[in-house]
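Structural features, examined
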Amino acid sequence: MAYIEFQNIDKFYGKNHVLKGINLNIEKGDFVTLLGPSGCGKSTLLRCLAGLEQTSSGKIILDKEDITHKDPKDRNIGMVFQHYSLFPNMTVKENLAFGLKLQKLPAAEIEKRVKDSIEMVELIGKEDEYPASLSGGQQQRVALARGIVMRPKVLLLDEPLSAIDAKLRKSLQTSIREIHKELGLTSVFVTHDQDEAMVMSDVINLFHDGVIEQSGNPVDIYTKPETSFAAGFIGNYNILKPEEMKKLTGKEWQGDVAIRPETFLLSNTPITSGESYKMQGVILDRVTRGNVLRYKILVNDVEVQADLLFRSASMYQIGDSVQVALANHNCVCL
Ligand code: ADP
Ligand code: MG
């Protein structure tokens, strides 16, 4: 039996069918992500696990116990939200001690746990400050400390980094992973950002419109999308119809095919390596995406996008002819 089991979870808000028969197992110690566009039901599933929402039907098991109807405070689950929801009139230390005092723990134990948590989120020296005097990133570290100070069985994080700027976000991603490991937590993390999910997760569950479209480790999710939605959401895939694939490769295809932009080989001399399909194309457009150049290329009357590492020596100009090659194993049938 898995550590957390969602069994046939349905959730309606009025007529809005938000979760549609979710079955999901989460193993102890894993860092698991719910990834998907806004409005697809990620927060709702997380809130059902925390007990902040009731499911319409189905069962939730945590550590062999049916918690479907258990009070939130008895579930031993910590939660961190996008909006830090700290108590503004309490210092950092008081924010962290609040829940422990409610549990009537001895003062020395509270002191120790607060100190440990502050160390863990690297906020030493900020203990007596009020939230308003901290930056967004620091406030989110306090919220994270508050999530772990109760020593929860499971830590839930609902888009905790979405309001934080790009550079700080990277360092918080690392902190969260480290804390997860150090405390041996089981964590469920919600994000709409595919890159964030790739960096952080042991397992990604791709959500779409109230169902889990695909689950797997980041490499499998990235390289083996099973549906058009998965290929469209992750990895910037080219999605080509069978007719287009026939023009491109000269052979028959059954359904849509997904091709990652970085799997095309480009050259200005004929390609002699053993790639399956060799074609000629014309550069239609070019955009710079950081360290990658993305080319739009017309190949056998089909437009494709191909990525190349940004090295000035291998730059093509708009209108250039280019040799294009593609391996069969990089054509993922959907
Ligand atoms: P996500 O977190 O993936 O963005 P949510 O789980 O927040 O999506 O929302 C899923 C759907 O449920 C949306 O259509 C949203 O409008 C609806 N919804 C969420 N919370 C409530 C609520 N408290 N009352 C009514 N509808 C809600
Ligand atoms: Mg949400």
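All of the points below concern the structure found in this document. Note that the coordinates shown come from a computational prediction; the quantities given were computed from them, not determined experimentally.

Regarding the site of ligand 1
All residues in the neighbourhood of ligand 1 are listed as Tyr13, Asn16, Val18, Pro37, Ser38, Gly39, Cys40, Gly41, Lys42, Ser43 and Thr44. One nitrogen or oxygen atom from the main chain of Gly39 is found 2.6 Å from an oxygen atom belonging to ligand 1. Separating an oxygen atom of ligand 1 from a backbone N or O atom of Gly41 is a distance of 3.0 Å. Relative to its unbound accessible area of 560 Å², ligand 1 is 59% covered by the protein chains. Put simply, the parts of the chain that give the shell around ligand 1 at least two residues each are β2 (16-26) and α1 (42-50). Residue contributions to the shell around ligand 1 peak at 3 residues, all from α1. For the shell around ligand 1, a count of residues per class yields 4 nonpolar, 6 polar and 1 charged.

What about helix α2 (residues 92-102)?
By the burial criterion, the buried members of α2 are Val92, Asn95, Leu96, Ala97, Gly99 and Leu100. Residues of α2 that are buried make contact with α3 (107-120) and α4 (136-149). Phi turns positive one or two residues past the end of α2, at Lys104, with a value near 60°.

Description of the environment of Val142
When you line up the elements, Val142 lands in helix α4. With 70 residues separating them along the chain, Val142 and Ile212 place their C-alpha atoms 32 Å apart. With near-sequence residues (within four places) excluded, Val142 lies in contact with Leu86, Val92, Asn95, Leu96, Leu123 and Leu134.

Here we look at the packing of aromatic side chains
For the structure shown, the criterion picks out 5 aromatic pairs. Ring geometry for Trp253 against Tyr277: centres 6.4 Å apart, planes inclined by 65°, an arrangement best described as edge-to-face. Taken as a pair, Trp253 in the loop between α9 (242-249) and β12 (257-259) and Tyr277 in strand β14 (residues 277-289) lie far apart in primary sequence, 24 residues in all. The exposure classification of Trp253 matches that of Tyr277, with both residues buried. The lysine or arginine in question, Arg146, covers the ring of Phe87, its NZ or CZ lying 5.7 Å from the ring centre. Its guanidinium or amino end placed over the ring of Trp253, Lys251 lies 4.6 Å from that ring's centre, counting from NZ or CZ.

Let's talk about the sheet that holds strand β11 (residues 238-240)
With respect to topology, 3 strands assemble into an open sheet ordered β11-β12-β18, the strand pairing being antiparallel. Here the strands that pair on one side only, and so sit at the sheet edges, are β11 and β18 (332-333). Here β12 runs beside β18; their pairing, made up of 2 bridges, is antiparallel. Within the sheet, the bridge partner assigned to Val257 lies in β18 and is Cys333.

Quick notes on the rules
Residues take numbers from 1 onward in each chain, read along the sequence in its written order. Chains carry letters from A onward and ligands carry numbers from 1 onward, assigned in written order. Restriction of local features to residues with pLDDT of at least 70 applies here, the model being predicted, together with a cutoff of 80 or more for giving and counting side-chain atom pairs; totals for whole chains, interfaces and linings are based on all residues. Side-chain numbers come from the whole structure's heavy atoms, not from hydrogens or water. Whether a residue is near a molecule or strand depends on its heavy atoms: it is near if one of them lies within 4 Å of it. Under the rule applied, a polar contact is a pair of N or O atoms within 3.5 Å (in protein, one hydrogen donor and one hydrogen acceptor; residues adjacent in sequence only if both atoms are side-chain atoms). Working definition of accessibility: Shrake-Rupley area with a 1.4 Å probe, residue cover restricted to the visible protein chains. Here a helix means four or more residues in a row that DSSP labels H or I, a strand means two or more in a row labelled E, and each is numbered from the N terminus. Polarity classes work like this: nonpolar for Ala, Val, Leu, Ile, Met, Phe, Trp, Tyr, Cys and Pro, charged for Asp, Glu, Lys and Arg, and polar for all others, with Gly in that last group. Accessible area is worked out with a 1.4 Å probe on protein chains only. A residue is then buried under 20% of its type maximum, exposed over 50%, and partly exposed in between. Contacts were defined at the residue level, with two residues in contact if any of their heavy atoms lie within 4.5 Å. Stacked, tilted and edge-to-face pairs are distinguished by plane angle, under 30 degrees for stacked and over 60 for edge-to-face with tilted covering the rest, among Phe, Tyr and Trp rings (Trp via its six-membered ring) whose centres lie within 6.5 Å. By definition, being over a ring means that NZ of Lys or CZ of Arg is both within 6 Å of the ring centre and within 35 degrees of the ring normal. At least two DSSP bridges between two strands are required for those strands to pair.

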